[in-house]
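Survey of secondary and tertiary structure
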Number of protein chains: 2
Amino acid sequence: MSNQEIKVTLSTSKKEKPKSDQLPFGKYFSDHMFIMDYKPELGWYDPRIVPYGPIELDPAASILHYGQTIFEGMKAYVDKDGGARIFRPEMNVKRLNRSNDRMCIPQVDEDIVLEAVKKIVSIDQDWIPNAPGTALYIRPYVFATEANINVVPSKEYKLMIILSPVGAYFKEGLNPVKIAVEDKYVRAVPGGTGEAKTGGNYAGSFRVQENVAKKGFSQVLWLDGAEHKYIEEVGASNVFFKISGEVVTPALTGSILHGVTRDSVIKLLKHWGVPVTERRISIEELYAASLEGQLEEAFSSGTAAVISPIGQLTWKDKDLVINDNKIGELTQKVYDTLTGIQYGTEEDVFNWVTEIK
Amino acid sequence: MSNQEIKVTLSTSKKEKPKSDQLPFGKYFSDHMFIMDYKPELGWYDPRIVPYGPIELDPAASILHYGQTIFEGMKAYVDKDGGARIFRPEMNVKRLNRSNDRMCIPQVDEDIVLEAVKKIVSIDQDWIPNAPGTALYIRPYVFATEANINVVPSKEYKLMIILSPVGAYFKEGLNPVKIAVEDKYVRAVPGGTGEAKTGGNYAGSFRVQENVAKKGFSQVLWLDGAEHKYIEEVGASNVFFKISGEVVTPALTGSILHGVTRDSVIKLLKHWGVPVTERRISIEELYAASLEGQLEEAFSSGTAAVISPIGQLTWKDKDLVINDNKIGELTQKVYDTLTGIQYGTEEDVFNWVTEIK
Ligand SMILES: Cc1ncc(COP(=O)(O)O)c(C=O)c1O
Ligand SMILES: Cc1ncc(COP(=O)(O)O)c(C=O)c1O
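Conventions and cut-offs
- Residues numbered from 1 in each chain as written.
- Chains lettered and ligands numbered in written order.
- Predicted model: local features only at pLDDT ≥ 70, side-chain atom pairs only at ≥ 80, totals over all residues.
- Heavy atoms only, no water.
- Near = heavy atom within 4 Å.
- Polar contact = N/O pair within 3.5 Å; in protein donor to acceptor, adjacent residues only side chain to side chain.
- Areas by Shrake-Rupley, 256 points an atom, 1.4 Å probe, with all protein chains shown as cover.
- Helix = DSSP H or I, 4+ residues; strand = E, 2+ residues; numbered from the N terminus.
- Nonpolar A, V, L, I, M, F, W, Y, C, P; charged D, E, K, R; others polar.
- Least-squares fit on C-alpha atoms with pLDDT ≥ 70 in both.
- Contact = heavy atoms within 4.5 Å.
- Buried area = accessible area lost by both parts, 1.4 Å probe.
- Salt bridge = Lys/Arg side-chain N within 4 Å of Asp/Glu carboxyl O.
- Pairing = 2+ DSSP bridges.

Considerations on the site of ligand 1
All names here are of chain A.
- Contacts to ligand 1 come from 15 residues, most closely from Tyr-202, Glu-233, Val-260, Thr-261 and Thr-303.
- Within the side chain of Lys-197, a nitrogen or oxygen atom sits 2.9 Å from an oxygen atom of ligand 1.
- One of the side-chain N or O atoms of Thr-261 is found 2.5 Å from an oxygen atom in ligand 1.
- Protein contacts shield 96% of the accessible area of ligand 1, which totals 380 Å² for the unbound molecule.
- Where the shell around ligand 1 is concerned, the elements lending two or more residues are helix H6 (260-272) and strand S16 (295-302).
- Taken together, the residues that form the shell around ligand 1 break down as four nonpolar, seven polar and four charged.

Quick look at the structure:
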């Protein structure tokens, strides 16, 4: 399968590109898309890059009924010499297959997806924006297409990749954001689908996101689904706290996404000799640390915003203000180093970047 | 909105109908479909019945990424005089809006959906199969269509209705089935999306369903997501137990679907003077009752199978055989009465049936 060739049909017209300093997240798409289909008797077949355009689905296509779908997200950056660089794509492709497994979607050959990512980025390379903080967001996704509404896994799938030039994820930029601790709704629970990057996890969070946005918060901090006690994630990001000089982040206990940025942050901190621990952290513990002045910094990590400092956590009627609502020193260093590696201004010590020729 | 007229464009050709005694669940679809669109500036607009056929979606359509979707399921039956009858459609339409609310999808006018259901069933009335146990399954569903991959609720939606002639849901027919009690994976948790009929809940259950099917079980019994202790549902059905003459069913504690069949069973039992209680039931309690010979009957309830007797529950290494693996007397009576009302051979004491002229 990995020696299947990707057929390319180039678009005969080029869309106008949005201004690179006015990019909302995920609204504009490049000139091409990658598609590959799955049928039991053929496996994954017909990998192709074609002009971006609508697809046809039967009204009974499983995805429209039972949400059997997974996705990935990574970014391509342009360096000062105009070279395209993708950050740790092999991690995303591995996670794609782990999500597939949880959602009963057949495994794909990781090499062909990686090749497809590189090929479509190189074809639409002029879509990588170059204003500071911008990138070309790469969205691989798989969805169930069989026209059958029996409640069983679909027999047919499409894997697609689309590309979207994106600006900074948070309107606030690198300014600290206000986060609401959610104690009623939950995102995920061990035994559920929280470790998979699957649609339902996200649709399920919209109600909460809307509730907290109305109250002036930019994101929600999720507590665990069983006891509503332990910290899990912030919005669609992982989360880190610096407490008395030590960095802690929730351990991957079964309901938390294994973030690529999370992994990168941990590796960087260890490389620098900063103590970092993955463990359960209760919201009470965080509150106590905050009262004693030990909660020094907090930030979330994810592909979309890379690193986002947290200035305030509101839990019930308590406001935990962190570092006077200013970005912490370590947070800034993590951000600078990660984005430096991504844009090619810092040495890529871990060999994280795939360059596109 | 409720005085919006449903435009009808009839199909110029008619598909061949499958044999009414060879109907798998959800594979064949009738000649027409209902569609209505949503845009913020127009609300729900352009309700129409058109020939069944493929729809077009942008590759960035929200449904393909974040699973913002809900669905409903009800059935139309044909009586001995050829009249079409729909079972409690107003309950499904109410639940559709409750699901919409949880998933941040705009509310729809319930009257127009009800009217659409009746109209499309009357247009495709000759698709209602008439072999015993068969019906025309009615599938309303809503999904997010905006071409935007920002992780926020979609601004645009489609509500569609398709119709599928279906046979008995379980291959076993009305024979008691073997159910595996699942103690690792969970379907839902309070604060999650379990009360909404939304895609992600179903895709999330495929892995488990596949695991237990391999071991020879026809369904899974879900325990609660927090403690893995209390009984919630069986597959995509609610569940009832008769213990020492009393019928018990899990209370609707936030993670269980409010089944229309469940509600109908409870109303019937009360009408008959059979004691019925909605409360938490632990799997330990059930096991103890079984050991003492008090677990007299068990069945699941849902639109697809109506009533399905449970012959055996396997929990860890324990087999709880119920009523000697034979259908219980009360289970049979509930099944006979419900299906009798549905097919029009029993008096419709509760006024549950909507007749289509
Ligand atoms: C739920 C959730 N948590 C965490 C993350 C962060 O993961 P990554 O760093 O791989 O982007 C994401 C996605 O970006 C996510 O969707
Ligand atoms: C998860 C779940 N539980 C229970 C039911 C039973 O509900 P109803 O009786 O309305 O069909 C369904 C759907 O049919 C379901 O999907």
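Still to come is the rest of the account.
Here's the deal with the relation of the copies chain B and chain A
- When chain B is brought onto chain A, the operation consists of a screw motion whose angular component is 180° and whose axial shift is 0.0 Å, with 0.0 Å RMSD remaining. The operation mapping one copy onto its partner corresponds to a two-fold rotation axis.
- By residue overlap, the copies meet face to face through one surface: 100% of the interface positions of chain B are interface positions in chain A.

Some thoughts on the site of ligand 2
Residue and element names in this part refer to chain B.
- Not every one of the 15 residues close to ligand 2 is listed here, only the nearest: Tyr-202, Glu-233, Val-260, Thr-261 and Thr-303.
- Take Tyr-202: an N or O atom from its side chain is 2.3 Å from an oxygen atom of ligand 2.
- Taken together, the elements giving at least two residues each to the shell around ligand 2 come down to helix H6 (260-272) and strand S16 (295-302).
- A per-class count over the shell around ligand 2 returns four nonpolar, seven polar and four charged.

Here's the deal with the interface of chain B and chain A
- Counting from both sides, the interface comprises 59 residues of chain B and, opposite them, 59 residues of chain A.
- Note on chain B versus chain A: buried area summed over both sides is about 5,100 Å², and carbon and sulfur give 63% of it.
- Residue Arg-207 of chain A is joined to Asp-101 of chain B by a salt bridge in which the shortest nitrogen-to-oxygen separation is 3.2 Å.
- On the surface where chain B and chain A come into contact, there are 24 residue pairs in polar contact (both at pLDDT 80 or more).
- Taken together, the elements giving at least two residues each to the side of chain B that touches chain A come down to strand S4 (55-57), helix H1 (63-66), strand S5 (69-71), helix H2 (89-102), strand S8 (135-144), strand S9 (157-166), helix H4 (199-203) and helix H5 (206-214) of chain B.
- For the side of chain B that touches chain A, the per-class residue count stands at 34 nonpolar, 16 polar and nine charged.
- Bridge count between strand S4 (residues 55-57) of chain A and S4 of chain B: three bridges; the pairing is antiparallel. By the bridge assignment, Leu-57 of chain A is partnered in S4 of chain B with Ile-55 of chain B.

Everything listed here is a matter of coordinates, which is why it stays silent on function.
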